[in-house]
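Here's the letter readout for the chains.
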Amino acid sequence: MASAAERFASNMNFGLLGRATELKQRLLFVLGALIVYRLGTYIPIPGIDPQILQEIYKQHANGVLGVFNMFSGGALSRMTIFALAVTPYISASIIIQLMGVAVPHLAALKKEGEAGRRKINQYTRYGTLFLAILQAYGISSGLEGMQANGQSAVLHPGAFFQFSTVVTLTGGTMFLMWLGEQITQRGIGQGISLIIFTGIIANLPSAFISTFELGRKGVISTPVILLIIALVLGLIALIVYMERAQRRILIQYPKRQVGNKIMQGESTHLPLKLNASGVIPPIFASSILLFPLTIAGFNAEGGSGILRSIATHLAHGQPLYIAAYAGIIVFFSFFYTAVVFNPVETADNLRKNGGFIAGIRPGKPTADYLDYVLTRLTVVGAAYLCLVCVIPELLIAEYAIPFYLGGTSLLIVVNVVID
């Protein structure tokens with residue numbers, strides 16, 4: 001008996017060791033990939049004067065460039081090959097998902113399993129390439145028109161600079177998209193989320209230092225700094241609580257006969273998350289607002305009155321920006337929840353497997369009940385996302401604290417850590 005127990009323990013340890021070895025390989029791959037990403041955020045594109053660029057960034061740090069810089073992990077402020085980061089990929093994903101509801105071909109692809117998913121991913125890649133080229137051209141043109149102390153950040157403006165910048169920035173975005181896919185397949189977690197997470201974490205120390213420096217200079221009082229720290233800790237606790245909250249719907253299965261076996265009746269739970277959409281709505285909202293803000297911000301000084309008006313009214317802390325930000329978050333909370341959970345399909349699957357909700361008839365009544373519960377949950381989830389994202393935006397506008405302490409960054413960091 002002792003020998004058999006020892007052999008069993010030995011086999012268990014060997015199995016655990018084997019799994020641990022694979023886990024270590026995946027972790028090392030993720031670590032290596034993220035190191036490559038961080039190194040790329042320090043490789044500058046050619047033809048840029050770094051000192052003038054820093055002056056320009058300081059002038060717009062609390063505006064559109066600050067938001068863009070957060071998603072790029074500091075690459076934009078250094079104007080490196082990864083300055084666009086994965087923003088075009090996120091925007092392309094938004095477009096493809098919206099088209100998936102309106103275009104029958106894409107809707108049919110979603111039902112084709114793995115083959116359909118690969119085709120949709122391919123369309124997303126094409127969309128990423130198109131948007132990356134468009135945004136890279138906007139950045140190259142905007143850089144030529146921006147000045148600090150009467151000097152341009154571009155050493156030699158012209159067609160060659162624009163071409164080289166578009167190729168470099170587009171290539172950097174496509175490489176990051178590929179790297180994110182490799183992390184998802186060969187590493188741990190969702191690759192794109194990890195890339196964004198790494199960029200935010202890498203800049204958190206400097207964000208805290210900048211905040212404390214504002215306190216040292218007297219721009220922000222000590223009570224306000226303590227309030228900001230307490231608010232950040234409170235938001236982290238709220239995010240953890242709300243992201244783990246769920247509504248469990250009791251599902252019952254009656255006693256039934258399968259072949260020659262009689263299956264006893266049993267009950268289980270159908271968990272519905274309070275925030276089924278996760279961090280997608282804030283990221284989508286920031287990405288959607290980022291595109292017009294980028295154009296307006298780069299051309300506000302020398303552009304038309306319309307561009308200057310857009311840059312003014314869509315600035316952080318302005319009522320129009322807050323309203324648009326909250327409205328887009330609410331929209332995508334409902335939209336993405338509808339994409340990831342189909343009450344009609346779920347009710348049909350329950351009916352086929354003999355399951356039912358106590359007091360609710362199978363079929364359409366079950367679908368209506370699930371839709372009713374999910375709608376109420378989504379209302380609370382959308383309000384929670386707006387609260388977490390809008391309050392930091394107001395503080396950022398009032399006290400000019402770094403963007404890395406915003407609600408979207410906290411949501412991304414906490415959710416990736418939980419995952």
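Model, not experiment: these values are computed from the prediction.

Thresholds applied
- Residues numbered from 1 in each chain as written.
- Predicted model: local features only at pLDDT ≥ 70, side-chain atom pairs only at ≥ 80, totals over all residues.
- Heavy atoms only, no water.
- Helix = DSSP H or I, 4+ residues; strand = E, 2+ residues; numbered from the N terminus.
- Buried < 20%, exposed > 50% of the residue type's maximum accessible area, 1.4 Å probe, protein only.
- Contact = heavy atoms within 4.5 Å.
- Areas by Shrake-Rupley, 256 points an atom, 1.4 Å probe, with all protein chains shown as cover.
- Axes fitted to C-alpha atoms, helices over the stretch in contact; angles between N-to-C directions.
- Parallel < 35°, antiparallel > 145°, perpendicular 65-115°, else oblique.
- Left-handed = near helix turned anticlockwise from the far one by under 90°.
- Nonpolar A, V, L, I, M, F, W, Y, C, P; charged D, E, K, R; others polar.
- Core = buried A, V, L, I, M, F, W, Y, C linked by side-chain atoms within 4.5 Å.
- Arc of directions from axis to C-beta.
- Polar contact = N/O pair within 3.5 Å; in protein donor to acceptor, adjacent residues only side chain to side chain.
- Pairing = 2+ DSSP bridges.
- Phe/Tyr/Trp six-rings, centres within 6.5 Å; stacked < 30°, edge-to-face > 60°.
- Salt bridge = Lys/Arg side-chain N within 4 Å of Asp/Glu carboxyl O.
- pLDDT = per-residue confidence, 0-100.
- Disulfide = S-S within 2.5 Å.

**Notes on the overall build of the protein**
On a plain count of helices and strands, the protein comes out with 15 helices and seven strands. The buried share of the protein, taken over its 419 residues, is 44%. Across the protein, the fraction of contacts at a sequence separation of at least 24, relative to all contacts at a separation of at least 6, is 73%. When the accessible surface of the protein is split by element, carbon and sulfur atoms take 64% of a total near 21,700 Å².

**A closer look at the packing of helix α4 (residues 87–102) against helix α6 (residues 114–145)**
The angle between the axes and the distance between the axes are what describe a pair of packed helices. It is the contact of α4 with α6, at a shortest axis distance of 8 Å, that shows an interaxial angle of 130 degrees. In terms of their interaxial angle, α4 and α6 are classed as oblique. Viewed along their axes, α4 and α6 form a crossing whose handedness is right-handed. Counting all contacts with α4, which are made through Thr-87, Pro-88, Tyr-89, Ser-91, Ala-92, Ser-93, Ile-95 and Ile-96, the residues of α6 involved are Ile-120, Tyr-123, Thr-124, Gly-127, Thr-128, Leu-131, Ala-132 and Gln-135. In the contact of α4 with α6, the residues fall into nine nonpolar, seven polar and no charged.

**Observations regarding the side chain of Thr-173**
Mapped onto the elements, Thr-173 comes out in helix α7 (residues 159–186). Discounting residues that sit within four places of it in the chain, Thr-173 has contacts with Leu-84, Ala-85, Pro-88, Thr-128 and Ala-132.

**Brief notes about the nonpolar core**
Counting residues in hydrophobic clusters, the biggest one holds 70 residues, and the most contacted among them are Ile-183, Ile-196, Ile-249, Tyr-325, Leu-411 and Ile-412. In terms of residue count, the dominant contributor to this core is helix α14 (residues 364–399) (ten residues). Ile-412 has contacts with Phe-71, Ser-193, Ile-196, Phe-197, Ile-200, Val-279 and Ile-283, leaving out every residue within four places of it along the chain. Listed in part, the 16 residues of the second largest apolar core include Leu-84, Leu-143, Val-154 and Leu-169.

**Remarks on helix α13 (residues 343–352)**
Taken residue by residue, α13 has Pro-343, Thr-346, Ala-347 and Leu-350 as its buried positions. Around the axis of α13, the buried residues are gathered within 100 degrees of arc, so they sit on the same side. Away from the buried face of α13 by more than 90 degrees, exposed residues Val-344, Glu-345 and Lys-352 are located. Put simply, Asn-342 is the residue that caps the front of α13, since its side-chain oxygen is 3.1 Å from the backbone nitrogen of Val-344.

**Considerations on the sheet that holds strand β3 (residues 246–253)**
Strand order in this open sheet of three strands is β6-β3-β7, and the pairing throughout is antiparallel. Each end of this open sheet is capped by a strand with a single partner; those strands are β6 (266–273) and β7 (356–357). In terms of strand pairing, β3 meets β7 through two bridges, oriented antiparallel. The residue bridging Ile-251 from the neighbouring strand is Ile-357, located in β7.

**Structural notes on the packing of aromatic side chains**
In this structure the tally under the stated criterion is seven aromatic pairs. Ring centres of Tyr-321 and Tyr-325 lie 5.7 Å apart, and the angle between their planes is 20 degrees; this geometry places the pair in the stacked category. Placement of both Tyr-321 and Tyr-325 in helix α12 (residues 319–340) is noted, with a separation of four residues, approximately one turn of the helix. With a relative accessible area of 0%, Tyr-325 lands in the buried category. Seen from their ring centres, Phe-331 and Phe-332 are 5.1 Å apart, and the 75 degrees between their planes marks the pair as edge-to-face. Phe-331 sits in the partly exposed class, given a relative accessible area of 45%. Here the aromatic residues Tyr-37, Phe-82, Phe-175 and Trp-178 are joined through ring pairs into a cluster of three or more.

**Considering the pattern of salt bridges**
By the definition in use, this model includes five salt bridges. With a shortest N-O distance of 2.5 Å, Asp-348 and Arg-351 are connected by a salt bridge. Of the two residues, Asp-348 and Arg-351 are both situated in helix α13; the distance of three residues between them amounts to about one turn of the helix. The partly exposed category is assigned to Asp-348, whose relative accessible area is 25%. Ionic pairing is found between Lys-364 and Asp-368, a salt bridge with its closest N-O pair at 2.9 Å. Within this pair, Lys-364 and its partner Asp-368 are both found in helix α14, separated by four residues, close to a single helical turn.

**Comments concerning unusual backbone geometry**
Here Met-79, not a glycine, exhibits a phi torsion of approximately 45 degrees, which is positive. Structurally, Met-79 can be placed in the loop between α3 (64–71) and α4. One non-glycine residue, Ala-85, lies in the positive phi region at around 55 degrees. In this structure, Ala-85 sits in the loop between α3 and α4. Relative accessible area serves as the criterion here: at 3%, Ala-85 is assigned to the buried category.

**Points about the pairing of β3**
Relative to β6, β3 is paired through eight bridges, and the arrangement is antiparallel. From the neighbouring strand, Leu-250 faces β6, where its bridge partner is His-269.

**Some remarks on the confidence of the model for the protein**
Note that predicted coordinates carrying low pLDDT should not be read in detail. Mean pLDDT over the protein stands at 79; residues scoring 70 or higher make up 81%. Here strand β4 (residues 256–258) is the element of the protein with the lowest mean pLDDT, 59, and α7 is the one with the highest, 92.

**A short note on the environment of Thr-168**
You can see Thr-168 is positioned in helix α7. C-alpha of Thr-168 to C-alpha of Thr-80: the two residues are 88 residues apart in sequence and 8.9 Å apart in space.

**Side note on the state of the cysteines**
Here the structure, examined in full by the defined rule, presents zero disulfides. Lacking any disulfide linkage, Cys-386 is separated from the closest cysteine sulfur, that of Cys-389, by 7.4 Å. Judged by relative accessible area, which is 0%, Cys-389 ranks as buried.

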